Amino acid sequence: MYLALASSARANHMSIEFESSVVLNALPQLIKGFAFTIELTVMSAAGGLVLGTLLALARLSSSKFLSRVAGGYVNILRSIPLLLVIFWFYFLVPYILAWMIGAKNPIELSPLSSCVITFIMFEACYFCEIMRAGIQSIPPGQLNAARALGMKYWTIMAYIVIPQAFRNMLPVLLSQTIVLFQDVSLVSILSMKDFFGSADFIAKRDGRPHEMYLVVAMVYLAICFLLSRVVKLVQQRVAIIR
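In short, a report on the structure. (Residues numbered from 1 in each chain as written. Predicted model: local features only at pLDDT ≥ 70, side-chain atom pairs only at ≥ 80, totals over all residues. Heavy atoms only, no water.)

### Focus: the overall build of the protein chain
Phase 1: A tally of regular secondary structure across the protein chain gives 11 helices and 0 strands.
Phase 2: When the helices and strands of the protein chain are listed from N to C terminus, the series reads α-α-α-α-α-α-α-α-α-α-α.
Phase 3: For the protein chain, the C-alpha radius of gyration of 24 Å lies well beyond 18 Å, the compact-globule estimate for 242 residues.
Phase 4: Across its three principal axes, the protein chain shows a C-alpha extent of roughly 90 × 60 × 35 Å.
Phase 5: Expressed as a percentage of the 242 residues in the protein chain, the buried residues total 36%.
Phase 6: For the protein chain, long-range pairs separated by at least 24 residues make up 77% of all intrachain contacts whose partners lie at least 6 apart in sequence.
Phase 7: Split by element, the accessible area of the protein chain, about 14500 Å² in all, is 68% carbon and sulfur.
Phase 8: If you average the places of the 19 positive and of the 11 negative side-chain charges in the protein chain, the two averages end up 17 Å apart. (Helix = DSSP H or I, 4+ residues; strand = E, 2+ residues; numbered from the N terminus. Rg over C-alpha atoms; globule rule 2.2 N^0.38 Å. Buried < 20%, exposed > 50% of the residue type's maximum accessible area, 1.4 Å probe, protein only. Contact = heavy atoms within 4.5 Å. Areas by Shrake-Rupley, 256 points an atom, 1.4 Å probe, with all protein chains shown as cover. Lys, Arg positive; Asp, Glu negative; His and termini not counted. Charge placed at Lys NZ, Arg CZ, Asp CG, Glu CD.)

This is the structure we're talking about:
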């Protein structure tokens, strides 16, 4: 009996040994998935920043209606889990678009288009609050001086306020982008081959989850740690400029 237990324990121990060859064979697919993750992160961050800045301006607008609409959008979307938002956009939006244009069949959206739109609209809510805080951090005297020179509102925002707000909030914007980089792994639920999705596919196909998930965890840990150090350096730089 003891010999059977010992041999079983040895077999289980051997079954979870790390095989580097598994990772090497999967490397091309992992690199391709990682490139897709970076691409989706950059597109979502850029689109989210633009939309978030517009939402921040809307929230700070003198128009109560515009401010309340933007505030409601931000607060509602931030209250919904991102996973649910991804599902909602992928499965329900095609039917809503068909209803809006009077089409009989749902409008087909590719998983990539759905994910890009979802991340842009979701992350814009967080970028909105970051940029709103940055805009409010600009001394009112600068705005008054610009108005005294006859500058228009959008000129003041484009050339004076937003550049300074972006610089002041750059460390926080980068931190939110790191969170976005991690959140992109959720697209694997739509069977998309991002970095995690590629590793998950290989792990299930080859029956080697230990190697795949460990490598993914180590890569995410290393990249996020390095990026956090970059954020700290940027924060120190911004503090010196101030």
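### Some thoughts on the environment of Ser137
Phase 1: For Ser137, the location among the structural elements is in the loop between helix H6 (111–136) and helix H7 (140–148).
Phase 2: Residue class for Ser137 comes out partly exposed when judged on its relative accessible area of 37%.
Phase 3: Residues Ser137 and Val85 lie 52 residues apart in sequence; the distance between their C-alpha atoms is 31 Å.

### Let's talk about the packing of helix H8 (residues 153–168) against helix H9 (residues 170–183)
Packed helices, taken two at a time, are described by the angle between their axes plus the distance between the axes.
Phase 1: As a packed pair, H8 and H9 sit with axes 4 Å apart at the nearest point and diverge in direction by 65°. Where H8 abuts H9, its residues Phe166, Arg167 and Asn168 lie against Leu170, Pro171 and Leu173.
Phase 2: By residue class, the composition of the contact of H8 with H9 is 4 nonpolar, 1 polar and 1 charged. (Axes fitted to C-alpha atoms, helices over the stretch in contact; angles between N-to-C directions. Nonpolar A, V, L, I, M, F, W, Y, C, P; charged D, E, K, R; others polar.)

### Side note on the pattern of salt bridges
Phase 1: Considering all chains together, one arrives at 6 salt bridges under this definition.
Phase 2: Of the charged contacts in the structure, one is a salt bridge between Arg132 and Glu129, with a shortest N-O distance of 2.8 Å. Residue Arg132 and its partner Glu129 are located together in helix H6, separated by 3 residues, close to a single helical turn.
Phase 3: The exposure class assigned to Arg132 is partly exposed, which follows from its relative accessible area of 21%. (Salt bridge = Lys/Arg side-chain N within 4 Å of Asp/Glu carboxyl O.)

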